[in-house]
Amino acid sequence: MPLETAQNARTAPAAGAPPAAPAGGRTEARERAARNRRLRVYGARVAVLVAFLGLWELCARTDVIDPFNFSQPSRIWAQIWQWTTHGTAQGSLGEQIGYTLYEALTGWVIGVTGGVLLGIALGRIRFLADVFGPYIKVLNAIPRIVLAPIFLIWFGLGPASKVASAVVLVFFPVFFNAFQGAREVDRNLVANARILGADNRRVTLQVVIPAATTWIFTSLHVSFGFALIGAIVGEYIGATKGLGLLVAAAQGTFNAAGVYAAMTILAVVALLTEGLLTFAEKKLFRWKPAESGDGR
C-alpha cells in the first residue's frame, strides 16, 4: 500500500460512525439545556406557590379553616395594597420598610465586620483563641433573643436597641465560619508564602483571608436573615416605626391579615437581599466551577 493511501486510511473516520459535532454546537446545546432547566425550575416554583395560595384561599372561603385566625390570601393582598396606597398608622409603608432595613443592615455590617476580624485573629493566633475561646462559647450559649428587652432598657425605643439585637445574632455565625476558614487554610500555601519571604501580615492578607472567603460568604447568606430577625424582634417589643411594629399593632387589633401582610413584605425583602448576595458571590467567585449534577 502506498504511504499516502495508508495515511488517508488512518485519518479517515470509521465506517458508519456519526460525524463529530462541532464544539460550538455542543456549547449551544448545553446552554439551551441549562436554559430549559431553569425555566422548568421557575415554572415549578410558581406552580407550587399558586397551588398553595389557591388551596389556602379555597379552605378559608369554604370554612375548612377559620378565616378570622388564618386569614386568606385575598385579604392579605388587600391589606398590602391599603398600606401601599394609604400608608399605615405609623407612616408610609416605604418608611417602615426603610426603617427596618436600616436597622438590619447596620447591625449586619457591624456584626459581619466584628465576626470576620475576630474570627481571623483567633484563627491565626492560637494564644488569643485559648484566652477568649471559653468566653465566646459562654456568650454563644446564651439565647440571644432574650437580650432584646435588655437592649431596649439600655438604648431605648430608637434604632440603637434593634441594631444591637441584630449585631449579637449576626456576629456568632460569621465569627465561627471565619475562625474555621482561617484554621482550614492549606498549610502548604502558608509554607510556600513564607519561603517566598512573606511576613505574618502578608500571609494573613494574601493567603488566609482569600482562602477563608468561601467560608465567610456561606455565613453571610444566613446572617442577614438573623439581622432581620433581630430588628423585627426589637421592634415588636418596643419601637416607634418598622415592620415589627406593624406586626405588633396588627396582633393587638386581632388583624390576622395585617400580621401575614407584614410577614410577606419581610419575606420579599429577605429574598431580594439573598438574591443580591448570591449575585455578588457569583461575581466574586467566577473562577469556581459550576455545580455538577445529572441535569434533571
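Procedures and definitions
Residues numbered from 1 in each chain as written. Predicted model: local features only at pLDDT ≥ 70, side-chain atom pairs only at ≥ 80, totals over all residues. Heavy atoms only, no water. Helix = DSSP H or I, 4+ residues; strand = E, 2+ residues; numbered from the N terminus. Contact = heavy atoms within 4.5 Å. Areas by Shrake-Rupley, 256 points an atom, 1.4 Å probe, with all protein chains shown as cover. Phe/Tyr/Trp six-rings, centres within 6.5 Å; stacked < 30°, edge-to-face > 60°. Buried < 20%, exposed > 50% of the residue type's maximum accessible area, 1.4 Å probe, protein only. Patch = residues over 30% accessible without salt bridge, like charges linked within 9 Å, V, L, I, M, F, W, Y side chains within 5 Å. Salt bridge = Lys/Arg side-chain N within 4 Å of Asp/Glu carboxyl O. Core = buried A, V, L, I, M, F, W, Y, C linked by side-chain atoms within 4.5 Å.

A few points about the overall build of the protein
In step 1: A tally of regular secondary structure across the protein gives 12 helices and zero strands.
In step 2: A separation threshold of at least 6 residues defines the contact pool for the protein, and within that pool the share at least 24 residues apart is 73%.
In step 3: When the accessible area of the protein is evaluated, it comes to approximately 18600 Å², of which 67% is carbon and sulfur surface.

Some details on the packing of aromatic side chains
In step 1: A complete count under the given rule lists 11 aromatic pairs for this structure.
In step 2: Arranged with centres 6.2 Å apart and planes meeting at 90°, the rings of Trp154 and Phe155 form a pair that is edge-to-face.
In step 3: Judged by relative accessible area, which is 59%, Trp154 ranks as exposed.
In step 4: Residue classification places Phe155 among the partly exposed positions, given a relative accessible area of 44%.
In step 5: Both rings, one in Phe175 and one in Phe176, keep their centres 5.1 Å apart while their planes meet at 70°; by these two values the pair is edge-to-face.
In step 6: Take Phe175: its relative accessible area is 3%, and that puts it in the buried class.
In step 7: On the basis of relative accessibility, which here comes to 33%, the residue Phe176 falls in the partly exposed class.
In step 8: Through pairs of rings, three or more aromatic residues link up here, namely Phe171, Phe172, Phe175, Phe176 and Phe179.

What about a nonpolar patch on the surface?
In step 1: A contiguous nonpolar patch, built from Ile125, Phe127, Val131, Phe132 and Tyr135 and spanning about 540 Å² of accessible area, is present on the exposed surface.
In step 2: As for its placement among the helices and strands, Phe127 is situated in helix H6 (residues 126–141).

Observations regarding the nonpolar core
In step 1: Within the largest apolar cluster, 22 residues are counted, with the highest numbers of intra-cluster contacts made by Trp108, Val112, Val116, Val170, Ile216, Leu220 and Ala227.
In step 2: Contributing elements (two or more residues each) for this core: helix H5 (93–124), helix H8 (159–183) and helix H10 (200–237).
In step 3: Residues contacting Val170, with those up to four places away along its chain left out, are Gly107, Trp108, Gly111, Val112, Ser223 and Ala227.
In step 4: Ranked by size, the runner-up nonpolar core spans 14 residues in total, among them Trp83, Leu93, Leu246 and Val259.

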